[in-house]
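An overview of the molecular structure
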Amino acid sequence: MADSSTKPVLITLNVSHFCEKARWALRRCGIEYSEEAHVPVAHSFAVKAAGGRRSVPCLRLPTAAASEPSSSSSSGSSSPGCVDQSTPIMRWADQQCVAAGRCEPQAALFPPGERGAEVDRWCTELDKRLGPATRSWAYSHLLYSPLTGQAMVAPPVPAAERFVLRWGGWLLVRSLMAKGMGISAEAGAAALQEIHRCFDEVGQLLADGRPFLCGDRFTAADITFAALAAPAVGQPYAAAPGLSEQTPPAMRTEIEQLRAHPAGQFALRLWREQRAVVVPAVPPSSL
């Protein structure tokens, strides 16, 4: 585990696409961090200990940063020592990037002005609709698959948690997840319809030829869409395997249809072209 006085620590679940949003933004903004992954249920205790609200992702801030007042009233922190939830973590990372002079405000993930308002709107809408829909749909196919259990215990999950989940704990955790999230075939079918609605809206927006959701620059809205669409287009990330030979046939068919959609093609392009990008330092003369 990283020294909490020097690096932020991202508390995650291995397969959470909301956690992938946070990873993507932190990497892009050049933020050095370590990851502390947990299995379901155990993650809530780790988040609570960090001062969060029991859900992941939660970014535990370095001691020095935690002692300073936040520069954003929308940081999402439930205590001075952490930033809760994926979009506030993206915003925090973006603020660090701009403050360090690594990017101009107009090129930030959350730019100022009307474009920034549009980015905010897309992030809020996708967090509310696409994220829960892809999660419900994916679990309706995979909650009882060995793929999910294997992904849940993949490193960097602590050895003790891996042991508990492998020796009976997964049965209890799986039952709690199914009940808590209302996972069923019917819920999965409804979620798939919502995914298609979101994809149609994104596809209509992109029909004018724009390269990104909010115009000609990559923003937090693009990270949000690509990360939350990942399960639906079979994109692997962290311990999530993506589309593979072990993907259930019905799920594979649905993924292939979503991949062929203009919004699915857009999501896959963002993963190919943008996931590994780190914003370079901006020369002082250009600021």
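Counting restarts for each chain: residues are numbered from 1 in the order of the written sequence. Totals for whole chains, interfaces and linings use every residue, but because this is a predicted model, local features are given only for residues with pLDDT of at least 70 and side-chain atom pairs only at 80 or more, for both listing and counting. With hydrogens and water excluded, all non-hydrogen atoms of the structure serve as input to the side-chain values.

With that out of the way, let us pick up the pairing of strand 2 (residues 34-38). Exposure classes here rest on a 1.4 Å probe applied to the protein chains alone. A residue is buried below 20% of its type maximum, exposed above 50%, and partly exposed in between. Secondary structure elements are taken from DSSP: a helix is a run of H or I of four residues or more, a strand is a run of E of two residues or more, and numbering for both begins at the N terminus. Buried residues dominate strand 2, accounting for four of its five residues. Between any two strands, at least two bridges found by DSSP are needed for them to pair. Examined bridge by bridge, strand 1 (residues 9-13) and strand 2 share five bridges and lie parallel to one another. Each residue of the ladder has a partner; that of Ile-11, found in strand 2, is Glu-36. By the criterion used throughout, a crossover qualifies as right-handed when its path from the first strand across the helix to the second strand runs clockwise, the strands pointing away from the viewer. Between strand 1 and its parallel partner strand 2, the chain crosses via helix 1 (residues 17-28), and the hand of that crossover is right-handed.

Further remarks concern the layout of surface pockets. Each cavity reported here is a set of points on a 1 Å grid over the protein atoms alone in which a 1.4 Å probe fits but cannot get out, each pocket an open set with protein on both sides within 12 Å along at least five of seven lines, and each lining residue one with an atom within 4 Å of a point. Grid points are joined across faces, edges and corners, and a volume is the space filled by probe spheres set on the points. Looking at the largest pocket, its volume works out to about 850 Å³. Along the wall of the largest pocket there are 39 residues; nearest its centre are Val-15, Ser-16, His-17, Arg-135 and Tyr-139. For the lining of the largest pocket, the secondary-structure elements that each account for two or more residues are helix 1, helix 4 (86-99), helix 6 (130-142), helix 7 (146-152), helix 8 (159-181) and helix 11 (249-260). The residue inventory of the lining of the largest pocket, partitioned by class, reads 25 nonpolar, twelve polar and two charged. Only Asp, Glu, Lys and Arg are considered charged in this grouping, and only Ala, Val, Leu, Ile, Met, Phe, Trp, Tyr, Cys and Pro are considered nonpolar; every other residue, Gly among them, is considered polar.

Our next topic: the confidence of the model for the chain. Note: predicted coordinates in regions of low pLDDT should not be interpreted at a detailed level. pLDDT runs from 0 to 100 and stands for how confident the predictor is about each residue. Across the chain, the average pLDDT comes to 90, with 90% of residues at 70 or higher. The contact criterion used is simple: two residues touch if any of their non-hydrogen atoms lie within 4.5 Å. This stretch, residues 69-75, has a pLDDT under 50; its non-local contacts, to residues over four places away or in other chains, come to nine contacts. This stretch, residues 283-287, has a pLDDT under 50; its non-local contacts, to residues over four places away or in other chains, come to four contacts.

Mapped onto the elements, Ser-16 comes out in the loop between strand 1 and helix 1. Owing to a relative accessible area of 11%, Ser-16 belongs among the buried residues under this scheme. Between N or O atoms, a polar contact is any pair within 3.5 Å; within protein, one atom must be a potential hydrogen donor and the other a potential acceptor, and residues adjacent in sequence are included only when both atoms are from side chains. Looking at Ser-16, its side chain comes within polar contact range of the main-chain nitrogen of Phe-18, at 3.2 Å. If we ignore the near neighbours within four places in the chain, the residues touching Ser-16 are Arg-23 and Tyr-237.

Note on sheets: strands pair through backbone hydrogen bonds, and any given pair is parallel or antiparallel. The four strands are arranged 2-1-3-4 in an open sheet whose pairing can be described as mixed. Because the sheet does not close on itself, it has two edges, and the strands there are strand 2 and strand 4 (82-84). Across this sheet, the average inter-strand angle for adjacent strands is 20°, counted without regard to direction. The sheet contact formed by strand 1 and strand 3 (residues 58-60) spans three bridges and is antiparallel. The partner of Leu-10 across the bridge, within strand 3, is Leu-59. Packed on one face of the sheet, helix 1 meets strand 1, strand 2 and strand 3 and runs near 150° to strand 1. Angles shown run from 0 to 180 degrees and are taken between the N-to-C directions of axes, each axis being a line fitted to C-alpha atoms and, for helices, limited to the stretch in contact.

Attention now goes to the packing of aromatic side chains. Aromatic contacts are taken between Phe, Tyr and Trp rings whose centres are within 6.5 Å, Trp giving its six-membered ring; a plane angle under 30 degrees counts as stacked, one over 60 as edge-to-face, and the others as tilted. Applying the stated rule across the entire model yields seven aromatic pairs. Relative to Phe-225, the ring of Phe-199 has its centre 5.6 Å away and its plane inclined at 55°; by these criteria the two rings are tilted. Taken together, the positions of Phe-199 in helix 9 (residues 185-206) and Phe-225 in helix 10 (residues 220-229) put the pair 26 residues apart, joining distant regions of the chain. Grouping residues by exposure puts Phe-199 and Phe-225 together as buried. Taken together, the ring pairs connect Trp-24, Phe-212, Phe-218, Tyr-237 and Trp-271 into an aromatic cluster. We note Arg-91 situated over the ring of Phe-110; from NZ or CZ to the ring centre the distance is 4.1 Å. In this scheme, Lys NZ or Arg CZ marks a charge over a ring once it lies within 6 Å of the ring centre and within 35 degrees of the ring normal.

Moving on: the environment of Ile-31. Looking at the secondary structure, you find Ile-31 in the loop between helix 1 and strand 2. The exposure class of Ile-31 is buried, given its relative accessible area of 16%. With sequence-adjacent residues up to four places away left out, Ile-31 is seen in contact with Pro-8, Leu-26, Trp-92, Ala-93 and Gln-96.

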